[in-house]
Structures are given as structure tokens and as C-alpha cells.
Amino acid sequence: MPDVIVQWSVDDLEPDGQRKSIVTHYSYRNETNIKAAYEKRVFLDVDVASRKADLRLFSIRLEDNKEFECRINIPGDDEGKPAATTRLVVLVAPSTPICAIQGKAEYGQNINLTCKSEEGSPPPTYEWTSLDTRKVPHIKSPRTTSRGGVMSLFNITKETSGYYTCTSSNKIRSASCNVTLSVMPRSMNIGSTAGIIAGVVAALIILAVVIYCCCCRKKKEEEEYAMGVREEGPPDKEPDRNGEGANDRRIDDDDRSDVRAPLRDRPEGRGQRDPSPRRDRDDRYSDYDDGRSDYTDRRSDYTDRRSDYADRREHYDDDRRSDYADDRRSDYANSRERYDDRLERHAQDRHPNAERDARYRDDARYDEPYDDRDAPPVPSKKPPRRDYDE
């Protein structure tokens, strides 16, 4: 029987196109060599007489999804085909796809909706379906394309918004994912936003300046009315040395007397000035007097509270000083008494009879007659008494 060599190899799909040997069988030695990567996973059933060389794989996985080749070498046999190939397809259900949006979902933009399953053999196919916000199927635009799990949308509008579903399927089963598309108006760039903010800030500053000026002007007018500023008018003419201008002054005084007088006392034909400015000024005077009275009352209340606080503080200080003085006196008296007691005990220890002798001397002083005591001399002649009433 001729020596027959049977070899199974696998295409590793590398760029050089080389194949890796899995198992080799030598018939004359009845020996089979298996590569370490496929030990306990490969079994070769060879029968040269019946022309059979079957390869069995166990515990197949996705990495075994390759092309296998069987090559037979028979010495002296140049006829026939020495090799044949077969493709092993490992079926794997597609994993749950991942849906995403590529691009900005804004009016007029072009975006892509992507859908991809990490696993799946044979490679899964992808199909997109969509509903609008009212759950009604979308009418696809002629420009919309879908290829390899990527759906391209061009010049999107508000009507493009909705719910999009991608289904990934192969011979085993299918899986799907969802994505919600919300098309929004174009966002303003940073320059436009900064310009709008600057304009708003400038408008607020101008408004604040105008309000401040109006308040200052109003306050100034109120102060002028409060200080008794006279209404604007031509100054009164003072009489000169020759007496000119006296008549004008008298006429002006008469006009003012007509203005001051009540309407019922004015003579007809005089005092044609509108009394409303005077009434408005009187009202402002009244409002100012009321405000000033309120301020005086508040100031009086503050003065009273301050006086009460001063009285309480003075009373508190007096009590503190009195208590402190009493404590100091008591401490001093106690310490003096203890000191005298120590001196007395010390004296008794040194001179036991000293206390009795001192007591005797003290008692003897009171036994002496009064005349023998030391008394200041009395003058023999007293000065005469003066009568200060004279």
C-alpha cells in the first residue's frame, strides 16, 4: 500500500494568504499529529481503502468561522485534484444593537442614525422603521438612504422628529433598539449670544441712569419747595434815589395780595393767575411737614430708647460697684481679723502673762481721777465777744 499523507489546514485570513495546518496523518506509520491549539477539539477519521478522511470539530465557537482545506498526497498519483476547500459557518444570534445619532439635530442639518450589533453570524442585516410624534409612520424623503445599519437624513426639519427603530436579524433570530429624534432650532453662536447679553446690560445701565437722574431732580425740587423757594419770575425793582420803580414794586405787591387772598375776596378783573400751582405747592409743603414730623417722632423714640439704655447701664454699673466694694470690705475685714488673731496667738506663745498685764493696765487707766489726765490748757483771759450784727 502506498504511503498516503492527509493534511487539514485552515485559512487564517491573513494578508499573505497562508494557511495553518491543523492535523496531519501518515498512513504507513498510522500516525496522526494535531496542533496544540486544536487538541481535544479535533478528531480525524481516515480510511484509505474507502478513500475517506473526515475532520470532526468539537466545541466550536465564533473563531472557527473560517475556510478549511483538505489536501492528500499519494506518491506516483498525478491524476485527479489533490485538494478541496469548504467553508464553516458558525451560527451566532445577533446581539442587541446599539443605536446612536451622529451630528446635531438642528433645522437644516444632515445627520446619521447608526445601528450596530457586536455579535452575529452570519453578519446580520439591518432595517429601519420610524414613526412621527403622532405615532404615524413617516413618509421617507427620496434623499434618505439606509445602508449597513446607517440611515442618513438630509436637511432635517421639525417633521423629521419622531421615534426610530432599528432591527438586526440573521438566520437565528433578530434584536432591535430605539432612538428618539428631536429636531430643535439652530443654536446661536457665542458671538451672537455675547452681543445680545452686552446689549441687555447696556440698556439696563442706561435705564438705571435715567431713573437716578429723575429721582435726583424730583428730590431737588422737593427740597427747593421745602426751603421756601419762590416761584420763578422777574425780580422786583428796587426804588432808586429818585423814587423811580416804587410804583412797580407797589403793583407787584398788589398782585401778590390778590394771589394770596381767597377767590371770593378778590376783586373782579384782578388776580388772573392760576391758583393751581400755589395749591400744589401747599400740598407738597404739607407732605414735607408730615414726613418731617414722622422723622422727628422716630428720632424722639430713638432718644428715649437710648436714655433707657443709659439708665439701665448706669444702674447695672452702680450695682456692680456696690457689690464689688462690699466684697472687698468683707475680704479685708476677714483678713485683718485673721491677722490680728495670729499676732495675738504669737504674743501669747512668747509672753503668757502679757495679755493679763495689758488688761490690767487698760483697767488702771479708768481708775485715775479725771483731773490728773492730760488736758489742754485753758486760757486765763478769753477775748471779748464781737457782735457781728453791728
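These numbers come from a predicted model, not from an experiment.

### Regarding the sheet that holds strand β13 (residues 162-169)
Phase 1: Taken in spatial order, the 3 strands make up an open sheet running β10-β13-β14, and their pairing is antiparallel. If you trace the sheet from one side to the other, it starts and ends with β10 (125-131) and β14 (174-181), each paired once. Sheet twist, expressed as the mean angle between neighbouring strand axes with direction ignored, is 20°.
Phase 2: Relative to β14, β13 is paired through 8 bridges, and the arrangement is antiparallel. Bridge pairing in β14 links C166 to C177.

### Section: the packing of aromatic side chains
Phase 1: Following the criterion strictly, the structure yields 0 aromatic pairs and no others.
Phase 2: R29 extends its terminal NZ or CZ atom over the ring of Y26, reaching a point 4.5 Å from the ring centre.

### Overview of the side chain of D64
Phase 1: In this structure, D64 sits in the loop between β5 (52-57) and β6 (67-73).
Phase 2: By relative accessible area, D64 is classed as buried at 3%.
Phase 3: Among the polar contacts listed, one links the side chain of D64 to the side chain of R41, at a separation of 2.4 Å.
Phase 4: Beyond its immediate stretch of four places on either side in the chain, D64 contacts Y38, R41, S59, L88 and V90.

### Quick notes on the nonpolar core
Phase 1: Ranked by size, the top nonpolar core spans 15 residues in total, and within it C99, L113, C115, W128, L153, Y164 and C166 carry the most contacts.
Phase 2: Of all elements in the fold, only β9 (111-116), β10, β12 (150-153), β13 and β14 reach the threshold of two or more residues within this core.
Phase 3: The next biggest cluster of nonpolar side chains, apart from the first, holds 13 residues, and it includes L44, A53, L55 and F68.

### Section: a nonpolar patch on the surface
Phase 1: On the surface, I197, V201, I205 and V209 cluster together into a nonpolar patch covering about 350 Å² of accessible area.
Phase 2: In this fold, V209 is placed in helix α1 (residues 190-226).
Phase 3: What makes V209 partly exposed here is its relative accessible area of 46%.

### Let's talk about the state of the cysteines
By definition, a disulfide links two cysteine residues through a covalent bond between their sulfur atoms.
Phase 1: Under the counting rule described, the total for this entry stands at 2 disulfides.
Phase 2: Between C99 and C177 runs a disulfide, and the two sulfur atoms are separated by 1.7 Å. In this structure the cystine formed by C99 and C177 twists about its S-S bond by roughly 60°; its chirality is therefore right-handed. Taken as a pair, C99 in strand β8 (residues 98-102) and C177 in strand β14 lie far apart in primary sequence, 78 residues in all. Of the two residues, C99 and C177, neither departs from the other in class, the shared state being buried.
Phase 3: The partner cysteine of C115 in its disulfide is C166, sulfur to sulfur 2.1 Å. Disulfide C115-C166: torsion about the S-S bond near -90°, hence left-handed. Of this pair, C115 sits in strand β9 while C166 is found in strand β13, placing the two residues 51 residues apart along the sequence. Across the pair, exposure class does not vary: C115 and C166 are buried alike.
Phase 4: Cysteines bonded in the chain are numbered consecutively along the chain; their disulfide partners then correspond to 1-4, 2-3.
Phase 5: C214 forms no disulfide, and the closest cysteine sulfur to it belongs to C215, at a distance of 6.9 Å.

### Section: the pattern of salt bridges
Phase 1: Applying the stated criterion to the full structure yields 10 salt bridges.
Phase 2: As a salt-bridge pair, D64 and R41 come within 2.4 Å of each other at their nearest N and O atoms. With D64 in the loop between β5 and β6 and R41 in the loop between β3 (31-34) and β4 (42-47), the pair connects residues that are 23 residues apart, well separated along the chain.
Phase 3: Residues D45 and K52 are paired through a salt bridge, measuring 3.5 Å at the closest nitrogen-oxygen approach.
Phase 4: Residue classification places K52 among the partly exposed positions, given a relative accessible area of 32%.
Phase 5: Each of R19, E67, E69 and R71 takes part in one network of salt bridges that share partners.

### Re the confidence of the model for the chain
Phase 1: Put simply, the chain has an average pLDDT of 77, and 72% of its residues get 70 or more.
Phase 2: Throughout residues 229-272 the model reports pLDDT below 50, and contacts reaching past four residues in sequence, or to other chains, amount to 32 contacts.

### Describing the pairing of strand β1 (residues 5-11)
Phase 1: Most of β1 is tucked away, with 5 of its 7 residues classed as buried.
Phase 2: Two strands pair when backbone bridges link them, and β1 and strand β2 (residues 19-26) are joined in this way by 7 bridges, in the antiparallel orientation. Looking across to β2, one finds that I5 is bridged to Y26.
Phase 3: Across 6 bridges, β1 lies against β6 in antiparallel orientation. Bridging across to β6, V10 finds its partner in F68.

Conventions and cut-offs
Residues numbered from 1 in each chain as written. Predicted model: local features only at pLDDT ≥ 70, side-chain atom pairs only at ≥ 80, totals over all residues. Heavy atoms only, no water. Pairing = 2+ DSSP bridges. Helix = DSSP H or I, 4+ residues; strand = E, 2+ residues; numbered from the N terminus. Axes fitted to C-alpha atoms, helices over the stretch in contact; angles between N-to-C directions. Phe/Tyr/Trp six-rings, centres within 6.5 Å; stacked < 30°, edge-to-face > 60°. Lys NZ or Arg CZ within 6 Å of the ring centre and 35° of its normal. Buried < 20%, exposed > 50% of the residue type's maximum accessible area, 1.4 Å probe, protein only. Polar contact = N/O pair within 3.5 Å; in protein donor to acceptor, adjacent residues only side chain to side chain. Contact = heavy atoms within 4.5 Å. Core = buried A, V, L, I, M, F, W, Y, C linked by side-chain atoms within 4.5 Å. Patch = residues over 30% accessible without salt bridge, like charges linked within 9 Å, V, L, I, M, F, W, Y side chains within 5 Å. Areas by Shrake-Rupley, 256 points an atom, 1.4 Å probe, with all protein chains shown as cover. Salt bridge = Lys/Arg side-chain N within 4 Å of Asp/Glu carboxyl O. Disulfide = S-S within 2.5 Å. pLDDT = per-residue confidence, 0-100.

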